[in-house]
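# Summary of the model geometry
Here is how the chains run, residue by residue.
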Amino acid sequence: MSNRIERADFFIVGSGIAGLMSALHLADHGRVLLVTKKRLNDCNTNQAQGGIACVMDGADSFDQHIKDTLIAGAGLCDEKVVRDVVSKGPARIQELIQLGVEFHRKADGSQEFDLGREGGHSQRRVLHAGDITGQRIESALVAKVLSHPNIQTLEHTMVIDLITTRWLKQTDPENRCCGAYVLNQLTGEIYAVQAPVTLLATGGCGKAYLYTCNPDIATGDGVALAWRAGARIANMEFVQFHPTCLYHPQAKRFLISEAVRGEGAELVDPEGRPFMKKYDPRGSLAPRDIVARAIDSEIKRTGAPYCCLDIRHKTPEYLKERFPKIYDTCAKFGIDMAKDLIPIVPSAHYCCGGIQATLDGITSLPGLYAVGETACTGLHGANRLASNSLLEAVVGAYDAAERIVNDPPKIPDNLSIPPWEYGTAVASDEAVMVAHNWMEVRTCMWDYVGIVRTNKRLMRARNRIRNLRHEIREYYFDYLVTPDTLELRNLALVGELIIRSAMRRHESRGLHYTLDYPSLLDNPHNTVLPGGQH
Ligand code: SIN
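Residues numbered from 1 in each chain as written. Predicted model: local features only at pLDDT ≥ 70, side-chain atom pairs only at ≥ 80, totals over all residues. Heavy atoms only, no water.

## A few points about the overall build of the protein
The test is simple: Working definition: helices are DSSP H or I runs of at least four residues, strands are E runs of at least two. Numbering for both runs from the N terminus. A contact between two residues is defined here by any heavy atoms of the two lying within 4.5 Å. Every accessible area reported is derived by Shrake-Rupley at a probe size of 1.4 Å, with residue values counting cover from the shown protein chains alone. Note that His is not counted, nor are the chain ends; the positive residues are Lys and Arg, and the negative ones are Asp and Glu. Charge placement uses NZ in Lys and CZ in Arg. For Asp and Glu, CG and CD serve respectively.
Counting its regular elements, the protein contains 14 helices and 19 strands. In terms of principal-axis extent, the alpha carbons of the protein reach across some 65 × 55 × 50 Å. At a minimum sequence separation of 6, the contacts of the protein that also span at least 24 residues come to 74%. Of the roughly 20700 Å² that the protein leaves accessible, carbon and sulfur atoms contribute 49%. Looking at charge distribution, the protein has the averaged site of its 60 positive side-chain charges lying 3 Å from that of its 63 negative ones.

Listed below in structure tokens is the structure:
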């Protein structure tokens, strides 16, 4: 048993762009404790290839970027949030540059940015650093965070549950977040962190699906933590499947950036025949939901397990320079992008839903803030426009810090956090349950809650996930917690929240497509689930 209580002014969970930028802004106003469950750079940001969408060019305009975002969002974007994110973007990009991020400039010596193009964008507006944009952003920000005297970072530290006044049975009339219990994965110690501000920047939940291009950390921890603490969760049915992940038995679903299509690659069947124009006049650069469904339908039609990308009209020199990581990775698997078709399949990529929050991070639970992919602010609506997520994270981090500093929340004076209770839990001799249920959750989500849904499939999935959650809950209480158990518990809960949200939507909108309700309802609405319990 550990009586240790760590205290901080600002407690941040997650080390992608949202967490790191929030930490840097808040560090001028108090002590920041930032925890992350693996290494600092184990996050989705570090893998982002395409880049960050922002109006940086006289040929472009805020109005066009707003319009493109609203069209992709299929009637569910919050227009004010879209306008805010788009118009605040350039200042945040300048800040990233000052922090040391180098975006590619044109080779003509003009100092203008070499802007990329992606699906659904009417203009070239994606700032990039080749295809390792996220890595460049992450390493610049990690360096700043590590050298800041007011920021303490703890790697291999995983949050078990948030601590709320409701859970502490405080007489406080409103439920309020006061910190969290965390597990130090290296020593096994579980202790409390007490803070008036807890900011979740934990990223997405791609691992809820069998096939995903997300890194292993994307287990939906923020959504699960917030829901168990009583915060509202919104629009979880809108899971974005990236259309083009490398299909190869040895590749762990490596992403082939949409920027490759932005530079002219065509989607073709395995015989090399283009097919996208059959589905949408915008062809291979149609928004992702349309492209992913078209690929799914072609795979079903041809019986081949994949479709292909064709960028053979570009020279090897160009491809190596513009897409160094993709070029090398394909070559490693025996694919020469300049000569061969690249086999691809869709896989889970981004969750447009999340903890219901304002752009400045406020959730329905006082003391709890959410920024980045784990939050649902209204920017993405029913479908995210490519490369809008890093922009949302960087704008949201700044706005949340401003809000927290100008309107600081307070912890009740008489707060007393007890040490973590181990109860009668013992070390597990049944870890096979974790491995088995992990696969079962992900397979069930892929088979029944994927790109094309039906009522029957959703019902099947709901029944199975509920049984699994019941088993996981028993296991959680019987055995000492491990990182794997915690991730499985979160993943299964997030799976259930996705299914419940999907069952509530009786229409096909954006990323939610169901054969039982193929048309659109007249009045777009968000799906909001009230928070649950520990
Ligand atoms: C990509 O590079 O295709 C991913 C960009 C994004 O999802 O925003």
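The discussion continues.
## Describing helix 3 (residues 62-72)
Structural remark: α-helix, 3.6 residues per turn; residues separated by three or four positions point the same way. Rules: Buried, partly exposed and exposed residues are distinguished by accessible area as a fraction of the type maximum, computed with a 1.4 Å probe on protein chains only: under 20%, between the cut-offs, and over 50%, respectively. Read the arc as the range of directions from the helix axis to the C-beta atoms.
Within helix 3, burial applies to His65, Ile66, Asp68, Thr69 and Ala72. For helix 3, the buried positions fall inside an angular range of 165 degrees around the axis, keeping them on one side. Exposed side of helix 3, more than 90 degrees from the buried face: Asp63, Lys67 and Ile71 are the residues found there. In this fold, the buried residues of helix 3 make contact with strand 4 (52-53), helix 4 (79-98) and helix 11 (388-406). At the exit of helix 3 stands Ala74, carrying a positive phi of roughly 55 degrees.

## Points about the site of the ligand
Applied cut-off: A single heavy atom is enough: if one lies within 4 Å of a molecule or strand, its residue is considered near that molecule or strand. For the purposes of these results, a polar contact is taken to be a pair of N or O atoms within 3.5 Å, where, inside protein, one atom must be able to donate a hydrogen and its partner to accept one; residues adjacent in sequence count only when each atom of the pair is a side-chain atom. Throughout, the ten residues Ala, Val, Leu, Ile, Met, Phe, Trp, Tyr, Cys and Pro are labelled nonpolar, Asp, Glu, Lys and Arg are labelled charged, and all others, Gly among them, are labelled polar.
Within the structure, the ligand sits among Gln49, Gly50, Glu118, His242, Leu255, Ser257, Glu258, Arg288, His349, Arg384, Ala386 and Ser387. Gly50 is positioned such that a nitrogen or oxygen atom in its backbone is 2.9 Å from an oxygen atom of the ligand. Here an oxygen atom of the ligand sits 2.6 Å away from a polar atom, N or O, in the main chain of Glu258. Across the complex, the protein chains shield 93% of the 260 Å² of accessible surface that the ligand would expose by itself. Its residues assigned to classes, the shell around the ligand comprises two nonpolar, six polar and four charged.

## Let's talk about the packing of aromatic side chains
Working definition: an aromatic ring pair is given by the centre-to-centre distance plus the angle between the planes. The criterion, for reference: Pairing of aromatic rings covers Phe, Tyr and the six-membered ring of Trp, with a centre-to-centre limit of 6.5 Å; geometry is then stacked below 30 degrees between planes, edge-to-face above 60, and tilted otherwise.
This structure, assessed with the given rule, holds nine aromatic pairs. Arranged with centres 5.1 Å apart and planes meeting at 65 degrees, the rings of Tyr181 and Trp420 form a pair that is edge-to-face. One end of the pair, Tyr181, is in strand 8 (residues 177-184); the other, Trp420, is in the loop between helix 11 and helix 12 (432-448), with 239 residues separating them in the sequence. Neither residue differs from the other here; Tyr181 and Trp420 are each classed as buried.

## Re the pairing of strand 15 (residues 342-351)
The cut-off we apply is this: Here, any two strands with at least 2 DSSP bridges between them count as paired.
Of all 10 residues making up strand 15, 10 are buried, and the element is well covered by its neighbours. Two elements, strand 14 (residues 307-310) and strand 15, share three bridges in a ladder whose sense is antiparallel. Its bridge partner being in strand 15, Leu309 is matched across the sheet by Ile342.

## Section: the sheet that holds strand 9 (residues 190-194)
In plain terms, the rule: All axes are obtained by fitting lines to C-alpha atoms, using only the stretch in contact for helices, and the reported angles, taken between N-to-C directions, cover 0 to 180 degrees.
The sheet built from four strands is open, its strands ordered 1-9-8-7 with mixed pairing. Two strands bound the open sheet, and with one partner strand each, they are strand 1 (5-7) and strand 7 (157-164). The average undirected angle you get between the axes of adjacent strands in this sheet is 30 degrees. In the packing of helix 14 (residues 483-504) onto the sheet, contacts are made with strand 7 and strand 8, and the angle to strand 7 comes to roughly 55 degrees.

## Section: the sheet that holds strand 6 (residues 151-154)
Strand order in this open sheet of five strands is 6-3-2-10-17, and the pairing throughout is parallel. The sheet is open, and its two borders are formed by strand 6 and strand 17 (368-370), each paired with just one other strand. Between one strand and the next, the sheet's axes are offset by a mean angle of 20 degrees, whatever the strand orientation. When strand 2 (residues 10-13) meets strand 10 (residues 197-200), the two strands line up parallel, connected through four bridges. Residue pairing in the sheet places Phe11 in a bridge with Thr198 of strand 10.

## Topic: the environment of Ile342
Examined against the element boundaries, Ile342 turns out to sit in strand 15. Contacts of Ile342, omitting those with residues within four sequence positions, involve Leu246, Ile256, Cys307, Cys308, Leu309, Ile311, Cys330, Ile335 and Met337.

## Remarks on the nonpolar core
This is how it is decided: By nonpolar core is meant a set of buried Ala, Val, Leu, Ile, Met, Phe, Trp, Tyr and Cys residues that side-chain atoms within 4.5 Å join together.
Core analysis: the biggest nonpolar cluster contains 65 residues, and Phe11, Val159, Leu162, Tyr209, Met236, Val449 and Ile498 have the highest contact counts within it. Looking at this core element by element, the count peaks at nine residues for helix 14. Beyond its immediate chain neighbours, meaning those up to four positions away, Met236 contacts Cys205, Val223, Cys351, Gly353, Gly354, Val494, Leu497, Ile498 and Ser501. Val55, Val145, Tyr369 and Leu379 belong to the second-largest nonpolar core, a separate cluster that totals 52 residues.

## What to know about unusual backbone geometry
With a phi angle near 55 degrees, Ala74 is a residue other than glycine that sits in the positive phi range. Along the chain, Ala74 falls in the loop between helix 3 and helix 4. With phi around 70 degrees, Gln111 is a residue other than glycine that occupies positive phi space. Summarising the element assignment, Gln111 is placed in the loop between helix 4 and strand 5 (126-127). The class of Gln111 is exposed, set by a relative accessible area of 54%.

## Observations regarding the pairing of strand 3 (residues 32-35)
Of the two faces of strand 3, the one holding Val32 and Leu34 and the one holding Leu33 and Val35 are both buried throughout. Bridging between strand 2 and strand 3 involves four bridges; their strand directions are parallel. What sits directly across from Ile12, in strand 3, is Leu34. Both strand 3 and strand 6 contribute to a ladder of four bridges, which runs parallel. Across the sheet, residue Val32 finds its bridge partner in strand 6, namely Ile151.

## With respect to the side chain of Arg288
In this fold, Arg288 is placed in helix 8 (residues 288-302). On the basis of relative accessibility, which here comes to 5%, the residue Arg288 falls in the buried class. Once you skip the residues sitting within four places of it in the chain, Arg288 turns out to touch Glu118, Gln240, Phe241, His242, Pro243, Glu258, His349, Asn383, Arg384 and Ala386.

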